[in-house]
Amino acid sequence: HFSQYGRILDCVAMRKPDGHPRGFGYVTLDSLAAAERCLAEPQVIDGRVVDMKRAVPGNAANSGSSPNSSHSPQVAATRQKQQQQQQQ
């Protein structure tokens, strides 16, 4: 899905220790422009709307670094709860 915006350098779907999905993940794209294109439009995966945000590395949030200082732009995709989807 995300390769339509640019080259994918990494992707991770977060899981609980028991292996069940946590409902979010990260996609690292090859350029800031690719990440911005991805964030600019609504994303629907497997019929579900996903909430897209620019990911901020944990150390950048505490150090005052800007999101543009990371080497690879990363976006976070969070599956919206069923209740939120029904309201839209």
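Residues numbered from 1 in each chain as written. Predicted model: local features only at pLDDT ≥ 70, side-chain atom pairs only at ≥ 80, totals over all residues. Heavy atoms only, no water.

Participant: What's the story with the nonpolar core in this structure? I'm lost.
Facilitator: Here is a general trend for soluble globular proteins: nonpolar side chains tend to be buried in one another's company. If you look at the biggest cluster of nonpolar residues, it comprises nine residues: F2, Y5, V27, L29, A34, A35, C38, V50 and M52. Residue assignment for this core shows that the elements contributing at least two residues are β2 (21–29), α1 (32–40) and β4 (48–54). For this core, the element with the highest residue contribution is α1, accounting for three residues. Discounting residues that sit within four places of it in the chain, A34 has contacts with Y5, G6 and L29. (Core = buried A, V, L, I, M, F, W, Y, C linked by side-chain atoms within 4.5 Å. Buried < 20%, exposed > 50% of the residue type's maximum accessible area, 1.4 Å probe, protein only. Helix = DSSP H or I, 4+ residues; strand = E, 2+ residues; numbered from the N terminus. Contact = heavy atoms within 4.5 Å.)

Participant: What's the story with the packing of aromatic side chains in this structure? I'm lost.
Facilitator: How two aromatic rings sit relative to each other is given by the distance of their centres and the angle of their planes. Across all of its chains, the model carries one aromatic pair by this definition. With a centroid separation of 5.8 Å and 85 degrees between ring planes, the pair formed by F24 and Y26 is classed as edge-to-face. Classification of Y26 by relative accessible area gives partly exposed; the value is 29%. (Phe/Tyr/Trp six-rings, centres within 6.5 Å; stacked < 30°, edge-to-face > 60°.)

Participant: I keep staring at unusual backbone geometry and nothing clicks. Help me out?
Facilitator: Trans peptide bonds make up most of the peptide bonds, and negative phi angles are found at most residues other than glycine. At D46, a residue that is not glycine, the phi angle is positive and equals roughly 50 degrees. Within the secondary structure, D46 is located in the loop between β3 (43–45) and β4. With relative accessibility at 77%, the residue D46 sits in the exposed group.

Participant: When you look at the pairing of β4 in this model, what are you seeing that I'm missing?
Facilitator: Sheet faces and side chains relate simply in a regular strand, where the side chains alternate between the two faces. Pairing analysis gives three bridges linking β3 to β4, with the strands arranged antiparallel. For I45, the partnering residue across the bridge sits in β4 and is R48. From the end of β3 to the start of β4, which pair antiparallel, there are two residues, and D46 there has a positive phi angle of about 50 degrees. (Pairing = 2+ DSSP bridges.)

Participant: Help me out: how do you make sense of α1 in this one?
Facilitator: Because each turn of an α-helix spans 3.6 residues, side chains separated by three or four positions in sequence point in the same direction. Taken residue by residue, α1 has A34, A35 and C38 as its buried positions. All buried residues of α1 lie within an arc of 100 degrees about the axis, which places them on one face of the element. (Arc of directions from axis to C-beta.)

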